[in-house]
Amino acid sequence: MSMQFFTATAYEESVSAVTATPSVELGARRYWKGEEYVYCYNAGGASIAAALGVVVVTGASGYSVAATSHADTVNPCVGVVKHAAIAAGSYGWVMTKGFTTITTVSNVTADYWA
């Protein structure tokens, strides 16, 4: 009988850590207290405050995000900055699965931010 083990990278960095240089590989996934986080780069021109949603910046690394006040089927919200603001040009963790409170900066309809 063979046994299979799940091997995942262990990160000593907090999910609230924000750095000017990448501390782990872009796109790295991390699970903490039942929530899933992805390591991203803030390619937008402004800081992303905690509780704001993010969209993927097209044409960038695939893990470059920007704060959003508008998400729809073309530019879906892919996660939420949960713990600490990610300054423009910095790296940080974006929650992609889990429960949190979000801040909307525009109208909200049943299925997207408008």
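For the structure, check the block above.
Residues numbered from 1 in each chain as written. Predicted model: local features only at pLDDT ≥ 70, side-chain atom pairs only at ≥ 80, totals over all residues. Heavy atoms only, no water.

Draft legend 1. Here's a closer look at the nonpolar core. Val-38, Cys-40, Ile-48, Leu-52, Val-54, Val-65, Val-81, Ile-86 and Val-94 together form the largest nonpolar core, which totals 9 residues. In this view, Ile-86 contacts Val-18, Asn-42, Ser-47, Ile-48, Val-81, Tyr-91, Gly-92, Trp-93 and Val-94; residues no more than four positions away in its chain are not counted. (Core = buried A, V, L, I, M, F, W, Y, C linked by side-chain atoms within 4.5 Å. Buried < 20%, exposed > 50% of the residue type's maximum accessible area, 1.4 Å probe, protein only. Contact = heavy atoms within 4.5 Å.)

Draft legend 2. The packing of aromatic side chains, seen in detail. If you walk through the whole model with that rule in mind, you get 3 aromatic pairs. Ring geometry for Tyr-39 and Tyr-91: centres 6.1 Å apart, planes at 10°, overall stacked. One end of the pair, Tyr-39, is in strand 3 (residues 35-42); the other, Tyr-91, is in strand 7 (residues 91-97), with 52 residues separating them in the sequence. Taken individually, Tyr-39 and Tyr-91 each receive the classification buried, so the pair is uniform in this respect. (Phe/Tyr/Trp six-rings, centres within 6.5 Å; stacked < 30°, edge-to-face > 60°. Helix = DSSP H or I, 4+ residues; strand = E, 2+ residues; numbered from the N terminus.)

Draft legend 3. The arrangement of the environment of Ala-85 in detail. By secondary structure assignment, the location of Ala-85 is in the loop between strand 6 (79-80) and strand 7. Along the primary structure Ala-85 and Ile-48 are separated by 37 residues, whereas in three dimensions their C-alpha atoms are 5.3 Å apart. Not counting residues within four places of it along the chain, the set of residues in contact with Ala-85 comprises Val-18, Ser-47, Ile-48, Ala-49 and Ala-50.

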